[in-house]
Amino acid sequence: SDAAALSEAGEHDEHDEHALRELRIFLRAVLHELRKERKFAHFQKPIDPEEVPDYYEIVERPLDLETMRMKVDTGEYLTFE
């Protein structure tokens, strides 16, 4: 019946929301641990192009821990992949 299908769809949505919530919690924890490591200090924030002028010419898809955290918080990461 339509009611059963809607109920099942709602359960899937609820399950998906729970999985995404768990993913965000996990990713925040990983990023928190990475921020504590001295060896990742250069990756805390976006690279300043005035300090490294050709960085953005060399690195096609730059990423830093701060940007990753913002993407986690805005729900841009939907899977572990």
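In the block above lies the structure referred to throughout.
Rules used throughout
- Residues numbered from 1 in each chain as written.
- Predicted model: local features only at pLDDT ≥ 70, side-chain atom pairs only at ≥ 80, totals over all residues.
- Heavy atoms only, no water.
- Helix = DSSP H or I, 4+ residues; strand = E, 2+ residues; numbered from the N terminus.
- Buried < 20%, exposed > 50% of the residue type's maximum accessible area, 1.4 Å probe, protein only.
- Contact = heavy atoms within 4.5 Å.
- Phe/Tyr/Trp six-rings, centres within 6.5 Å; stacked < 30°, edge-to-face > 60°.
- Salt bridge = Lys/Arg side-chain N within 4 Å of Asp/Glu carboxyl O.

(A) Examining the overall build of the protein chain more closely. When helices and strands are tallied, the protein chain shows three helices and zero strands. Each helix and strand of the protein chain, ordered N terminal to C terminal, gives the series α-α-α. The proportion of buried residues among the 81 residues of the protein chain is 11%. Of the contacts formed within the protein chain by residues at least 6 apart in sequence, a portion of 48% connects residues at least 24 apart.

(B) Just the packing of aromatic side chains, in detail. Scanning all chains against the criterion turns up one aromatic pair. Seen from their ring centres, Y55 and Y56 are 5.0 Å apart, and the 85° between their planes marks the pair as edge-to-face. On the basis of relative accessible area, Y55 is assigned to the buried category, the value being 16%. On the basis of relative accessibility, which here comes to 36%, the residue Y56 falls in the partly exposed class.

(C) Local environment of the pattern of salt bridges. Taken as a whole, this structure holds four salt bridges when the rule is applied. Across the pair R28 and D73 runs a salt bridge, and its minimum N-O distance is 2.8 Å. Of this pair, R28 sits in helix α1 (residues 2-36) while D73 sits in helix α3 (residues 65-73), and the two are 45 residues apart along the sequence. Look at R28 and you get partly exposed, because its relative accessible area is 27%. E66 serves as the salt-bridge partner of K45, at 3.0 Å between the closest nitrogen and oxygen. Of this pair, K45 sits in the loop between α1 and α2 (55-58) while E66 sits in helix α3, and the two are 21 residues apart along the sequence. Each of R28, R69 and D73 takes part in one network of salt bridges that share partners.

Note that all results are geometric; they support no functional claim without further evidence.
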